[in-house]
Amino acid sequence: MSTSSTPIAASLSVALGGGVGALARYHLGRAMTVWLGAPAMGVFPWATLAVNTIGSLMMGLLAGWLVRSGGENVDQWRLLLGVGLLGGFTTFSAFSLELATLIQRGQLGIAGIYIMLSIGLGITGFIFGITMTRLFS
């Protein structure tokens, strides 16, 4: 993997990582259902909590490793593992990385706005989407 990858190579890295991440998310959810039982999974979103926590931990480890390694393949590893694998596993990990970056830069006001907008607009968008499907079905 080189730093001067083509858009096609970059896209393939993201797609490969994303596919693996999505499968990992699916199988973690299945494993947790077997482990905790369907009734427990129906009471609290344990699998989503686990995915978001694990994904955020992995994103932190990846970000630290990429910064320390600084090698010529950093962008390809970022695309394959960060954007692809962890993006397919959970987008919460990307949110965590971006939020931590803002906080580390001392941009606490922007970080607070980012939290409020992300949660507020995410929930609003979901409610709007589900309402639209109900109106037009």
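Because the structure is predicted, anything quoted here is derived from the model rather than measured.

Turning next to the packing of aromatic side chains. In total, this model carries 4 aromatic pairs according to the counting rule given. Ring geometry for Phe92 against Phe95: centres 5.5 Å apart, planes inclined by 40°, an arrangement best described as tilted. Here the residue Phe92 and the residue Phe95 both occupy positions in helix α5 (residues 92-104), the gap between them amounting to 3 residues, near one helical turn. On the accessibility criterion, Phe92 (38% relative accessible area) is partly exposed. A connected cluster of aromatic rings, assembled from ring pairs, spans Phe92, Phe95 and Tyr114.

Taking the UniProt record as the reference, the feature "binding site: Na(+)" (unreviewed entry) is found at Gly87 and Thr90. Those annotated residues that line the largest pocket are Gly87 and Thr90. Along the polypeptide, Gly87 turns up in helix α4 (residues 74-89). For Gly87, a relative accessible area of 31% corresponds to the partly exposed category. One can find Thr90 in the loop between α4 and α5. Owing to a relative accessible area of 2%, Thr90 belongs among the buried residues under this scheme. When neighbours within four sequence positions are excluded, Thr90 is seen to be in contact with Arg25, Val51, Asn52 and Gly55.

In the structure shown here, the tally under the stated rule is 1 salt bridge. For the salt bridge of Asp75 with Arg78, the shortest nitrogen-to-oxygen distance reads 2.8 Å. One end of the pair, Asp75, and the other, Arg78, are both in helix α4, 3 residues apart, so they sit about a helical turn from each other. By relative accessible area, Asp75 is classed as partly exposed at 29%.

Moving on: the layout of surface pockets. Volume-wise, the largest pocket comes out at about 360 Å³. Forming the walls of the largest pocket are 20 residues, and the residues nearest its centre are Met59, Ala63, Leu66, Arg78 and Leu97. The set of elements that each furnish at least two residues to the lining of the largest pocket consists of α3 (46-69), α4 and α5. Within the lining of the largest pocket, the residues separate by chemical class into 10 nonpolar, 8 polar and 2 charged.

Residue placement: Gly82 occurs in helix α4. Taking C-alpha positions, Gly82 is 8.7 Å from Ser93, a pair spaced 11 residues apart along the chain. Not counting residues up to four positions away in its chain, the partners in contact with Gly82 are Met59, Leu62, Trp77 and Gly87.

Residues annotated by UniProt as "transmembrane region" (unreviewed entry) correspond here to residues 46-67, 79-103 and 109-131. As annotated, residues 46-67 comprises 100% helix and 0% strand, and the C-alpha atoms at either end are separated by 32 Å. For the annotated span residues 79-103, helix accounts for 92% and strand for 0% of the residues, and the straight-line distance between the end C-alpha atoms is 23 Å.

Okay, a nonpolar patch on the surface next. Residues Trp35, Leu36, Val43, Phe44, Trp46 and Leu49 make up a contiguous nonpolar surface patch of about 650 Å² in total accessible area. Looking at the nonpolar patch, the elements with two or more residues in it are α1 (7-36) and α3. The class of Leu36 is partly exposed, set by a relative accessible area of 33%.

Reading the values: the criteria
- Residues numbered from 1 in each chain as written.
- Predicted model: local features only at pLDDT ≥ 70, side-chain atom pairs only at ≥ 80, totals over all residues.
- Heavy atoms only, no water.
- Phe/Tyr/Trp six-rings, centres within 6.5 Å; stacked < 30°, edge-to-face > 60°.
- Helix = DSSP H or I, 4+ residues; strand = E, 2+ residues; numbered from the N terminus.
- Buried < 20%, exposed > 50% of the residue type's maximum accessible area, 1.4 Å probe, protein only.
- UniProt positions renumbered as here; feature names shortened; annotations may be inferred.
- 1 Å grid on protein atoms, 1.4 Å probe; cavity = no way out; pocket = protein on both sides within 12 Å on 5 of 7 lines; lining within 4 Å.
- Contact = heavy atoms within 4.5 Å.
- Salt bridge = Lys/Arg side-chain N within 4 Å of Asp/Glu carboxyl O.
- Points joined across faces, edges and corners; volume = space filled by probe spheres on them.
- Nonpolar A, V, L, I, M, F, W, Y, C, P; charged D, E, K, R; others polar.
- Patch = residues over 30% accessible without salt bridge, like charges linked within 9 Å, V, L, I, M, F, W, Y side chains within 5 Å.
- Areas by Shrake-Rupley, 256 points an atom, 1.4 Å probe, with all protein chains shown as cover.

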